[in-house]
There are 2 protein chains.
Amino acid sequence: LASMQSSSRACPCSCPSFKLREVASMYFTLVAVFLVILVVALQGSAPRGNDFPYKVPLDPQGLLELSWNVSYPERAVHFQLLVRELRAGILFGMSDRGEFENADLAVLWSDGHSSYFGDAWSDAQGQLHMDSQQDYQLLGARKAPEGLYLLFRRAFSTCDPKDYLIEDGTVHLIYGILEKPVHSLQAINISAIHRGLQRVQLLKPNISIPELPSDVETMEITAPDVVIPSQETTYWCYMAELPEGFFKHHIIKYEAVITAGNEALVHHMEVFQCAAEFDSFPHYNGPCDSKMKPERLNSCRHVLAAWAMGAQAFYYPEEAGLAFGGPGSSRYLRLEVHYHNPLVLQGRRDSSGIRLYYTASLRPYDAGIMELGLVYTPVMAIPPGEDSFLLTGYCTDKCTQLALPAAGIRIFASQLHTHLAGRKVVTVLARAGREQQVVNADGHYSPHFQEIRMLKEVVAVFPGDELITTCTYNTEDRSRATVGGFGIMEEMCVNYLHYYPLTQLELCKSAMDPGYLHRYFNLINRFNDEEVCMCPRVSIPHQFYSVPWNSFSRDVLKSLYGFAPISVHCNKSSAVRFPGEWEKQPLPTLTQRLREPTPRCPPAPRPQPAAPIPLD
Amino acid sequence: LASMQSSSRACPCSCPSFKLREVASMYFTLVAVFLVILVVALQGSAPRGNDFPYKVPLDPQGLLELSWNVSYPERAVHFQLLVRELRAGILFGMSDRGEFENADLAVLWSDGHSSYFGDAWSDAQGQLHMDSQQDYQLLGARKAPEGLYLLFRRAFSTCDPKDYLIEDGTVHLIYGILEKPVHSLQAINISAIHRGLQRVQLLKPNISIPELPSDVETMEITAPDVVIPSQETTYWCYMAELPEGFFKHHIIKYEAVITAGNEALVHHMEVFQCAAEFDSFPHYNGPCDSKMKPERLNSCRHVLAAWAMGAQAFYYPEEAGLAFGGPGSSRYLRLEVHYHNPLVLQGRRDSSGIRLYYTASLRPYDAGIMELGLVYTPVMAIPPGEDSFLLTGYCTDKCTQLALPAAGIRIFASQLHTHLAGRKVVTVLARAGREQQVVNADGHYSPHFQEIRMLKEVVAVFPGDELITTCTYNTEDRSRATVGGFGIMEEMCVNYLHYYPLTQLELCKSAMDPGYLHRYFNLINRFNDEEVCMCPRVSIPHQFYSVPWNSFSRDVLKSLYGFAPISVHCNKSSAVRFPGEWEKQPLPTLTQRLREPTPRCPPAPRPQPAAPIPLD
């Protein structure tokens, strides 16, 4: 009886117990059979490109090339890794932010005689261990003239606590190249090998690229051979002009044109259309913050295209295109290029910009871009030394009530944006105080990989809905406060929504009421017996730099951001607010949160069926 | 191959799969056999008393009587429930604080023909459901002249999320009596049945009661037929005297003597010994806060015995006793009785007190009682409407360094104490900024069940150690702040430690520096544009009552309690501090916390063995 019970506890199907050795032997027999079948199946037939639609080189030399596909029904990714010059082995894996400690790895290694494949993990010291559960499932290995192809499969969620959970958004892939045979996995010194990281969106949405019509034309809006200033941050402004008499077209695709060699300098670019109320705009080619920049250029704020580092070509959905040209549309465009030049290189020339694909055959809907998140103001700041500090921007019910059509809008793409301290970004749709769905989320967001991402499913937003955007920042390496602003060492929290049909609402953001920040400084002043003077005549950033940061001043700021009323920017394209009272608005309150998705794991074994016991 | 893989994923032991019906049928056959064996084994043999050393009536009439034992090796409790007048069934179970919603229940019910036993749970509406996992394991049922005996077993931790986790400290047992047969478990209307709760310490420590020596004598220190004042809270003081020439004895046991009928009025009692430096003390019999109370009585603070509602007799460990009598020991004792009279009953007379068991055969060590936690001061307050607000009192390294002997002290018992808002109490021992062990914890603490509890294992505390006591309060039903103080509607956070050998340190507590509280009121004043005046001339409680409570004022107070320096009370028996600087002391910082114990659950099935795959 007892042995019967214990065997039924170890295995949910109440079966006679096999000894581990028998099971292992059965298993290896199966794997061997399986490998033989696979190798036979692959003989003479190169893997078809269609099977693995996504491809990225892992290392700068292209020795490792990863292709993959995503099966949402199976909740698994199939990988094909091409190793061009295999030496003693390779490591491939994933980790939270690309680090080699606490990473989840597939390892191929040779001891000089045989080769082995295994699912491993690295501990906090970078030491490798075999996983107790093998979740990188080897499906095949094939030698070809160009190198070794490894095929393997990985479920999104494995329920092994040592494994990485593959989620939507950015995934930090890591790789390492073994130069010499090792006698065991444990003998690999992960800090001594050639290694690196590559960021990808692994879980690409299951959307087909719309075909371009036959009458598609292209136009390039590029900087005219600019000398990139030798300073860390530059926003470069350049005015371009559409041909006279250019009638209404739909932009249906665009992509970046980057001057070769400047890939690491061009941080992000946008093409803005100017306000139609002015007949003409002065030409300008220079820094956006220059005193020489004509005032009127501030009326060029209607976004036509936005690209950021890492983004691929952008396609509009078949039923929508971005309108430009024709009556009521300015002929003037402003290209803004954000150069990030941390090494302060001198004399680099650049002609980067954006190539627009457009058509005269108008699609049913005009599309638009709407900016959510935080206003660029130093009022919103992050204390130094924080590993995870949250700031939230609100697009309130009052604004959507006023600005959205009764039939609502459809969001089809989203681009998240922060500066260097950003670690996570999420926008949630709320209705009547209840969170409804995530619009876009990236739990492994990197400011170095800001793609415009198509949403898995189109999100409908109606008048009265709220869009709440929260960014998580890490300032552990900073010694003074990080304030909101345009500089790369300042911060932003933005989600650019791509949607249709077009509305007048171009910007729906918020920031804490500045009066409450004044109270905060006063309060910290008083609390510290005015030893520290945060005089109101000093700029907000300098007042923040003077705060003596400790758990109290940090907690009070955090609490204030979750309590104080907000100033809402509910703006039309021309930087003009919609009519209404937008100052000292109450913070939206949420009565119901979305539940964290819990990974589906195999159920724990159940000792007994759930039936009452009849008594004699 | 594919089917082989999927079966190996569902079941870790790669076995032929049984159908559920076969498994269930096997199971019921087994259970039937098991029950027959049990009933046979129990025939004619009454359960032995020793098997279930702990006993408590569940209901006031004693219809249900629970006996139990604890097996620490098995991590399980064995219950014997005697049902004296069984009608249609009974419910027995556990829940967080004695509520019938979200409770974990064993149910015995009859449909008029047969009886059934099952492990069930109640949802947030009190509706009953069978557990998917049956963890109240029925071991036997036996009819006897006095009623039906049900024997069942329950593991401390079952890993069923619907089950209650049996932990150290208070457990709220609940019971219900079914008067009429029901056709199913789901048909039981939990709100309509006769039901109640009983608090017990289910996991009694595995300690034997020391035998009393043959020369043991007793002495009763009781109030002299006091008329309990018709007010909610009274601390009654009565002076008693030891016989002249009474030499040194050891108290080795004491227990409460409660006047019959006053069980609900006597909240707690203490016997204090007076300071030896005064030759005589005036007689007094009256309220402790009376202006008529002689000043000198404030020098009677050395605790000899402490009892609170729900406590049983207290035994000292074999190697220690509490010294009293002899030279250097005052002949004068002060009995303090805390009467809690919420119904403001008039004219109730009381002669309650404490019976001391003492011996002239001195044991190796003198024992002592030390008070940890928060100073009784309104500086420490809880905002209204909080479901879980924490306050922490510190016994600092500086105090233990000064006051404890090099060989340390041994704590053998502990009594936790709060007033009505208390929900949890825990004391943790820290050394060099690292939490070492829990001294005593009650996650289901009730102010209505304040026992002195023997510790499972004696805790050694050395000079330089820190003792950190945290209380969790619930003020959801209150509309104004709850301040620290003596009144029943004010709060305390206390852990009375029982230890040996005796030291001079009788009280090691703390409270936030009052200057920081002043800053807090100032700050809230300023923040609210001085609409609310919390003038410093008003008492601290009244300043707290004037705070406009919201998430900001709450968070700032919480943050301040975790940040501001403390005033430390490191006191000798005579309410005199040890010499040293005790004001504006830094808060102890912890670099390492104890990990929450995670319940041991059966491991999830593993799809594949952890061995590398050799490649061809």
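These numbers come from a predicted model, not from an experiment.

**Student:** So what's going on with the packing of helix 4 (residues 514-527) of chain B against helix 6 (residues 551-561) of chain B? Which residues, and what values?
**Tutor:** Axes are the key here: two packed helices are described by the angle between their axes and the distance separating the axes. Residues and elements named next belong to chain B. One can describe the packing of helix 4 onto helix 6 by two numbers: an axis separation of 11 Å at closest approach and a directional angle of 160°. In terms of their interaxial angle, helix 4 and helix 6 are classed as roughly antiparallel. Two packed elements cross with a definite hand, and for helix 4 against helix 6 that hand is right-handed. Between helix 4 and helix 6, the residues in contact are Y516, Y520, L523, I524 and F527 and F552, S553, V556, L557 and L560, respectively. Of the residues in the contact of helix 4 with helix 6, the class split is 9 nonpolar, 1 polar and no charged.

**Student:** Tell me about the domain arrangement of chain A, residues and numbers included.
**Tutor:** For chain A, the assigned domains read domain 1 (54-204), domain 2 (210-363) and domain 3 (366-513 + 567-596). Distance between the C-alpha centres of domain 1 of chain A and domain 2 of chain A: 39 Å.

**Student:** Pulling in residues and values, what's your account of the packing of helix 4 (residues 514-527) of chain A against helix 4 of chain B?
**Tutor:** Put simply, helix 4 of chain A and helix 4 of chain B touch, their axes get as near as 10 Å, and they point 155° apart. The angle between helix 4 of chain A and helix 4 of chain B falls in the class roughly antiparallel. Note on packing geometry: the crossing formed by helix 4 of chain A with helix 4 of chain B is right-handed. Contacts from Y516(A), R519(A), L523(A), R526(A) and F527(A) of helix 4 of chain A reach helix 4 of chain B at Y516(B), R519(B), L523(B), R526(B) and F527(B).

**Student:** A description of the state of the cysteines should follow, citing residues and the corresponding values.
**Tutor:** Residues and elements named next belong to chain B. Here the structure, examined in full by the defined rule, presents 10 disulfides over all chains. Here C274 pairs with C300 through a disulfide, and the sulfurs are 2.0 Å apart. As the torsion about the S-S bond is roughly 95°, the C274-C300 disulfide counts as right-handed. Of the two residues, C274 is situated in strand 16 (residues 266-274) and C300 in strand 18 (residues 300-308); the sequence distance between them amounts to 26 residues. Here C300 falls in the buried class, since its relative accessible area comes to 0%.

**Student:** With reference to specific residues and values, describe the environment of L362(B).
**Tutor:** All names here are of chain B. Take L362: it is sitting in the loop between strand 23 (353-359) and strand 24 (365-366). Given a relative accessible area of 41%, L362 falls into the partly exposed group. C-alpha separation for the pair L362 and S329, spaced 33 residues apart in sequence, amounts to 15 Å.

**Student:** How would you explain the UniProt feature "domain: DOMON" (unreviewed entry) in chain A if you had to name every residue and give the values?
**Tutor:** As recorded in UniProt, the feature "domain: DOMON" (unreviewed entry) lies at residues 62-178 of chain A. Counting secondary structure, residues 62-178 of chain A comes out at 0% helix and 57% strand; the distance between its end C-alpha atoms is 16 Å.

**Student:** Could you give an account of the sheet that holds strand 17 (residues 285-287) of chain A, with specific residues and numbers?
**Tutor:** Residues and elements named next belong to chain A. Pairing is antiparallel across the open sheet formed by 5 strands, whose spatial order is 17-14-21-16-18. Every other strand in the sheet has two partners, leaving strand 17 and strand 18 (300-308) as the edge strands with one partner each. Taken over all neighbouring pairs, the strand axes of this sheet differ in orientation by 20° on average, direction set aside. As paired elements, strand 16 (residues 266-274) and strand 18 share 7 bridges and run antiparallel to each other. Within strand 18, the residue paired with Q273 across the bridge is H302.

Thresholds applied
- Residues numbered from 1 in each chain as written.
- Chains lettered and ligands numbered in written order.
- Predicted model: local features only at pLDDT ≥ 70, side-chain atom pairs only at ≥ 80, totals over all residues.
- Heavy atoms only, no water.
- Axes fitted to C-alpha atoms, helices over the stretch in contact; angles between N-to-C directions.
- Helix = DSSP H or I, 4+ residues; strand = E, 2+ residues; numbered from the N terminus.
- Parallel < 35°, antiparallel > 145°, perpendicular 65-115°, else oblique.
- Left-handed = near helix turned anticlockwise from the far one by under 90°.
- Contact = heavy atoms within 4.5 Å.
- Nonpolar A, V, L, I, M, F, W, Y, C, P; charged D, E, K, R; others polar.
- Domains from an automatic or database assignment.
- Disulfide = S-S within 2.5 Å.
- Buried < 20%, exposed > 50% of the residue type's maximum accessible area, 1.4 Å probe, protein only.
- UniProt positions renumbered as here; feature names shortened; annotations may be inferred.
- Pairing = 2+ DSSP bridges.

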